[in-house]
Amino acid sequence: QVQLVESGGGLVQAGGSLRISCAASARTFNNYAMGWFRQAPGKEREFVAAIDFSGGSTTYADSVKERFTISRDNAKKTVLLQINSLKPEDTAIYYCAMGLVSWATSSERNYNYWGQGTQVTVSS
């Protein structure tokens, strides 16, 4: 059984930084892509960032490029999302997801395991 547990969310002022993490229990963690998605109040869940199985390839939503950085540590089975220059519109629940594929993908259809999410709130 795969479990994904996010942590590190919180309340941050606009312009600040935050690092959120995802710990995976999956035995096959090293074989699959990992992604971050977010859902703001009243909105649909949207793609944020993804990283391939090796950590050598990443992809980002246009809205977060240059501000967000995804990384992974396969030895520790963790995925990190470094968030800089936070904006109030970044306020959302951030979800970690484990892919069905090895390449970095933005499509939710390519992810089959999801964490419970961690709340990030940005005050103006």
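Higher on the page you've got the structure.
Residues numbered from 1 in each chain as written. Predicted model: local features only at pLDDT ≥ 70, side-chain atom pairs only at ≥ 80, totals over all residues. Heavy atoms only, no water.

A.B. asks: Residues and numbers for the pairing of strand β11 (residues 118–123), please.
C.D. replies: Of the two faces of β11, only one is covered, namely that formed by T118, V120 and V122; the face formed by Q119, T121 and S123 stays uncovered. Here strand β2 (residues 10–13) pairs with β11 via four bridges, running parallel. By the bridge assignment, V12 is partnered in β11 with V122. Of the strand pairs in this sheet, strand β9 (residues 92–99) and β11 are connected by three bridges, and their pairing is antiparallel. (Buried < 20%, exposed > 50% of the residue type's maximum accessible area, 1.4 Å probe, protein only. Helix = DSSP H or I, 4+ residues; strand = E, 2+ residues; numbered from the N terminus. Pairing = 2+ DSSP bridges.)

A.B. asks: Quick rundown of the environment of A97? Include the residues and the values.
C.D. replies: When you line up the elements, A97 lands in strand β9. When its relative accessible area of 0% is taken as the criterion, A97 is described as buried. Along the sequence, A97 and S21 sit 76 residues apart, while their C-alpha atoms lie 12 Å from each other.

A.B. asks: Give a description of the pattern of salt bridges that names residues and reports values.
C.D. replies: The full count for this structure, using the stated rule, is five salt bridges. Salt-bridge contacts for D90 lead to R38; the nearest nitrogen and oxygen are separated by 2.9 Å. One end of the pair, D90, is in the loop between β8 (78–83) and β9; the other, R38, is in strand β4 (residues 34–39), and 52 residues separate them in sequence. By the burial criterion, D90 is buried, and R38 matches it. D90 serves as the salt-bridge partner of R67, at 2.7 Å between the closest nitrogen and oxygen. With a gap of 23 residues between them, R67 in the loop between β6 (58–60) and β7 (68–73) and D90 in the loop between β8 and β9 connect regions that are remote in the sequence. Residue class for D90 comes out buried when judged on its relative accessible area of 0%. (Salt bridge = Lys/Arg side-chain N within 4 Å of Asp/Glu carboxyl O.)

The values reported here are purely geometric and, on their own, carry no functional implication.
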